[in-house]
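A closer look at the structure
Now for the letters of each chain:
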Amino acid sequence: MSASSEHYSLTGMASRFVDQLTQCRKLKLKVLEASGKRVLIELPYDEQLVGYPDTGVIHGGVITTLMDTASGCAVVCSIFDKFRLLEISPTLDLRVDYMKPAEPHKSVYGFAECYKLSSSVAFTRAIAYQDSIDDPIAHAVGSFMRISPEMVGDEFRQALMGESDEYA
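Residues numbered from 1 in each chain as written. Predicted model: local features only at pLDDT ≥ 70, side-chain atom pairs only at ≥ 80, totals over all residues. Heavy atoms only, no water.

A few words now on the pattern of salt bridges. Evaluation of the coordinates by the stated rule reveals eight salt bridges. Across the pair Arg146 and Glu87 runs a salt bridge whose closest N-O atoms are separated by 2.8 Å. Of the two residues, Arg146 is situated in the loop between strand E8 (138–145) and helix H4 (154–161) and Glu87 in the loop between helix H3 (60–83) and strand E5 (91–98); the sequence distance between them amounts to 59 residues. There is no split in this pair, since Arg146 and Glu87 are both buried. (Salt bridge = Lys/Arg side-chain N within 4 Å of Asp/Glu carboxyl O. Helix = DSSP H or I, 4+ residues; strand = E, 2+ residues; numbered from the N terminus. Buried < 20%, exposed > 50% of the residue type's maximum accessible area, 1.4 Å probe, protein only.)

The structure is reproduced here in C-alpha cells:
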C-alpha cells in the first residue's frame, strides 16, 4: 500500500465499495459521508422500488438492503481506518426492526456504525430515516464475518482503492 493511503478518503473508498455491488447500482445508492466507523448512504425514491402501488411506499426489502449495505460499508471503513487493510466482510446476521413506512417521494437515508471489531466478527448498528435520525423508519443490528485481507481479489482491491482504470 502506498504512502498516499495515509491521506486516503474513506468516503471515496466507501463510494467505490457500494458501486461494486450490482444491487446498489440498481437502487442508485449514494455514499454521502464515511468516517472511521460511520457511513451515511442515500437511497433516492424511485417508483420502481414501491412495494404497495396504492400507497407509494418503498418495499421493506429495499430498506433492508440499504441497512445491510450501510452496515457492511461501515465495517469495511472501520477495518481500513484501524488496520489499513481491506477485508471482505459478509453479513452473518442482520436484524431489522421496522417502526413506520417511509414517506413516498422522499429519499431514505441509512446511517450505520461499526461499534466493535473482534478478531473474527464486526458488530454494527444502523438507522434508516428521512427527515430526522431521531424519527427512524427502522433500526438494525448486525454482525459481519471478518475474512483475511488475502481473500480480497486484486481487481476488487484496486477498484476500492481507486487504482483501476474503470473506477479511478
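To continue, consider the sheet that holds E8. In sheet architecture, strand pairing relies on hydrogen bonds along the backbone and comes in two forms, parallel and antiparallel. Taken in spatial order, the six strands of this open sheet run E1-E2-E6-E7-E8-E5, and their pairing is antiparallel. Looking along the sheet, the strands with just one partner apiece sit at the ends: strand E1 (30–34) and E5. Going from strand to strand, the sheet's axes swing by 20 degrees on average, the running direction of each strand aside. Sheet analysis places strand E6 (residues 108–117) next to strand E7 (residues 121–129), joined by eight bridges and oriented antiparallel. (Pairing = 2+ DSSP bridges. Axes fitted to C-alpha atoms, helices over the stretch in contact; angles between N-to-C directions.)

Quick look at the packing of helix H1 (residues 10–19) against H4 now. Here H1 crosses H4 at 135 degrees, and the two axes come no closer than 7 Å. One way to sum up the angle between H1 and H4 is to call them oblique. Here Met13, Arg16 and Phe17 of H1 come into contact with H4, specifically with Phe156, Ala159, Leu160 and Met161. Taken together, the residues of the contact of H1 with H4 sort by class into six nonpolar, no polar and one charged. (Parallel < 35°, antiparallel > 145°, perpendicular 65-115°, else oblique. Contact = heavy atoms within 4.5 Å. Nonpolar A, V, L, I, M, F, W, Y, C, P; charged D, E, K, R; others polar.)

Inspection of the secondary structure assignment puts Val75 in helix H3. Owing to a relative accessible area of 0%, Val75 belongs among the buried residues under this scheme. Once the C-alpha coordinates of Val75 and Ser9 are considered, the two residues, 66 residues apart in sequence, prove to be 15 Å apart. Beyond its immediate stretch of four places on either side in the chain, Val75 contacts Ser89, Cys114, Ala122, Thr124 and Phe144.

Moving on, we come to the pairing of E1. The pairing of E1 with strand E2 (residues 38–43) spans four bridges and is antiparallel. Note on E2: the bridge partner recorded for Val31 is Ile41. Counting the residues in the hairpin turn of E1 and E2 gives three residues.

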